[in-house]
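# Coordinates in review
Read off the chains here:
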Amino acid sequence: MSENRRPVLRAATAAAAAVLLTAAATACSSSGSGSADGKGRTTVRIAYQEIPNADLVVKDRRLLEQALPDADVKWVKFDSGGDVNTAVLAGSVDFGLAGSSPVTKGLAAPLNIPYKVLWVHDLIGENEALVARGGITSVEQLVGKKVATPFGSTSHYSLLAALQAAGVDPAKVNVIDLQPQDALAAWKRGDIDAAYTWTPTLTELEKDGKVLVTSRQLADQGKRTADLGVVTNAFAQAHPEIVTAWLKAEDQAVTLAKSDPEQAAASIAKELNLSPADALAQLKQLVLLTAAEQAGPDYLGKPGAPGRLADNLHDAAVFLKGQQKIDAVPDASVFAKALAVEELARVTG
């Protein structure tokens, strides 16, 4: 990507974002955050992505709906964390799943989104990777090539990290902003040479491409990425009981995925229209954490002792600032305060 290219969306993407904002504003006006429908029912709006983790188990098994019989739970699909940020800013969702890079951007200027990190949906491993075609066998060979990735996503962050680790100037690579399905279509047309993306799109690219580097390999080099669960500050304050139910549902799904991965994979398979075997293989590419594990010092931590996830987000902010993706690096305390340790403690004790 050219160094002087600002982190703005292309015209077509900007137009799509405008449509999303308009639709979101309409949705917000009709069912505002935590609004009642006149019958004492609260609407809970959840932004999800098609990532083979336990969040899809919660959705398929209706764990949250069972826990909240007096609420209306609405699941809205998004293609990237950047789109989730847009929806949160528009006031159209209460909970959301976004990668650590979009969340870092969300907590930094100019977005300054009033939300907090409630959950680690997964630590990203082999489910995100850089795949190339046409005899490209190394990251160094991407100079002058077209590489697709969703701007502002964890894949974008990892792509830039991979280029940096290989000593490749991003200005010498033509990085194109494409969502996963758009990248797959461009790949099939032969319009791009490589893509950094996630499953299930990644699985399709791997059929006739070569994996150059995975996010697990980058994590081993200190560039850890994750998919995070966020909740707006307003909703968390207004509906603590729903936040607790959401956390318990996610923890229940993770526990199932760890104890009976085949059953969890069956739910994921239905949500992603995959075979159970493919869903299980993709599930195993991720690292899932229980609520108790997330309360440890490496992740969210506990009240009075925020975990090292805050440091990971701050490190990501330093990297994004270096790539001109955010205006400034927030103080480390911003990320520590954004960890929902009080909410998590209600579940872990």
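Figured I'd write up the structure that's included with this text. (Residues numbered from 1 in each chain as written. Predicted model: local features only at pLDDT ≥ 70, side-chain atom pairs only at ≥ 80, totals over all residues. Heavy atoms only, no water.)

## Section: helix α2 (residues 54-61)
For the record, the criterion: Only protein chains enter the calculation, and the probe is 1.4 Å; a residue is then buried if its accessible area is under 20% of its type maximum, exposed if over 50%, and partly exposed in between. Secondary structure elements are defined from DSSP: runs of H or I of at least 4 residues count as helices, runs of E of at least 2 residues count as strands, and each element is numbered from the N terminus.
Counting buried positions along α2 yields six of eight residues, so the element is predominantly enclosed. Looking only at α2, the buried set comprises Ala-54, Asp-55, Leu-56, Val-57, Val-58 and Lys-59.

## Some remarks on the packing of aromatic side chains
Cut-off, in case you're wondering: The criterion for an aromatic pair is that two Phe, Tyr or Trp rings (for Trp, the six-membered ring) have centres within 6.5 Å, with stacked assigned to planes under 30 degrees apart, edge-to-face to planes over 60 apart and tilted to the rest. Here, a charge over a ring means that NZ of Lys or CZ of Arg falls within 6 Å of the ring centre while also lying within 35 degrees of the ring normal.
Under the criterion given, the structure shown has four aromatic pairs. Here Tyr-157 and Phe-319 contribute two aromatic rings whose centre-to-centre distance is 5.0 Å and whose plane-to-plane angle is 70°, an arrangement assigned as edge-to-face. Of the two residues, Tyr-157 sits in helix α6 (residues 154-165) while Phe-319 sits in helix α15 (residues 309-322), which places them 162 residues apart along the sequence. One residue, Lys-325, lies across the ring of Phe-151, its end atom 5.9 Å from the ring centre.

## Comments concerning the environment of Leu-247
Worth spelling out the cut-off: Contacts between residues were defined by any pair of non-hydrogen atoms, one from each residue, lying within 4.5 Å.
Along the chain, the position of Leu-247 falls in helix α11 (residues 240-259). Of the residues examined, Leu-247 reaches a relative accessible area of 0% and is grouped as buried. Sequence separation between Leu-247 and Leu-64 is 183 residues; the distance between their C-alpha atoms is 9.3 Å. Setting aside its immediate chain neighbours within four residues, Leu-247 contacts Leu-118, Trp-119, Glu-343, Leu-344 and Val-347.

## Re the sheet that holds strand β4 (residues 115-123)
Note the cut-off: In short, DSSP must find at least two bridges between two strands for them to pair. Every angle, taken between N-to-C directions, lies between 0 and 180 degrees, and every axis is a line fitted to C-alpha atoms, over only the stretch in contact when it is a helix.
With mixed pairing, the five strands of this open sheet are ordered in space as β2-β1-β3-β10-β4. Each having just a single partner strand, β2 (71-77) and β4 make up the two edges of the open sheet. Adjacent strand axes in the sheet meet at a mean angle of 25°, parallel and antiparallel pairs treated alike. Bridge analysis of strand β1 (residues 42-48) against strand β3 (residues 95-99) gives two bridges, and the strand direction is parallel. For Ile-46, the partnering residue across the bridge sits in β3 and is Phe-95.

## Topic: the packing of α11 against helix α17 (residues 341-348)
When two helices pack together, their arrangement is given by the angle between the helix axes and the distance between those axes. Short version of the rule: Here a crossing is called left-handed whenever its near helix is offset anticlockwise from the far helix by less than a right angle, and right-handed whenever the offset is clockwise. Classes in brief: Ala, Val, Leu, Ile, Met, Phe, Trp, Tyr, Cys and Pro nonpolar; Asp, Glu, Lys and Arg charged; the others, Gly included, polar.
Following both chains from N to C, one finds α11 and α17 inclined at 65°, their axes separated by 9 Å at the closest point. Here α11 and α17 pass one another in a crossing that is right-handed. Contacts between α11 and α17 pair Pro-240, Val-243, Thr-244, Leu-247 and Lys-248 from the former with Glu-343, Leu-344, Arg-346 and Val-347 from the latter. Taken together, the residues that form the contact of α11 with α17 break down as five nonpolar, one polar and three charged.

## Digging into the pattern of salt bridges
For the record, the criterion: We count a salt bridge whenever a side-chain nitrogen from Lys or Arg sits within 4 Å of a carboxyl oxygen from Asp or Glu.
Considering all chains together, one arrives at 11 salt bridges under this definition. Taking the shortest distance from any N to any O, the salt bridge between Glu-343 and Lys-116 comes out at 3.0 Å. One end of the pair, Glu-343, is in helix α17; the other, Lys-116, is in strand β4, and 227 residues separate them in sequence. An identical accessibility class is assigned to Glu-343 and Lys-116; each is buried. Where Glu-293 meets Lys-258, a salt bridge forms, and the shortest distance between an N and an O atom there is 3.8 Å. Separated by 35 residues along the polypeptide, Glu-293 in helix α14 (residues 291-294) and Lys-258 in helix α11 bring together distant segments of the chain.

## Some words on helix α7 (residues 180-189)
To be explicit about the condition: Here the arc refers to the directions that run from the helix axis out to each C-beta atom.
The set of residues buried in α7 consists of Pro-180, Ala-183, Leu-184, Ala-186 and Trp-187. Buried residues of α7 fall within an arc of 165° about the axis and therefore sit on the same side. Residues of α7 that are exposed and point more than 90 degrees away from the buried face comprise Gln-181, Lys-188 and Arg-189. Of the surrounding elements, those touching the buried residues of α7 are β5 (128-132), β6 (146-149), β8 (194-198) and α8 (201-206).

## Quick word on unusual backbone geometry
Geometrically, the link from Ala-109 to Pro-110 is a cis peptide bond, its omega value of 10° lying close to zero. Within the secondary structure, Pro-110 is located in the loop between α5 (100-107) and β4. Each neighbour pair has its own omega, and for Thr-199 with Pro-200 the value is 5°, a cis peptide bond. Among the secondary structure elements, Pro-200 is positioned in the loop between β8 and α8. Even without being a glycine, Arg-62 presents a positive backbone phi close to 55°. Residue placement: Arg-62 occurs in the loop between α2 and α3 (63-67).

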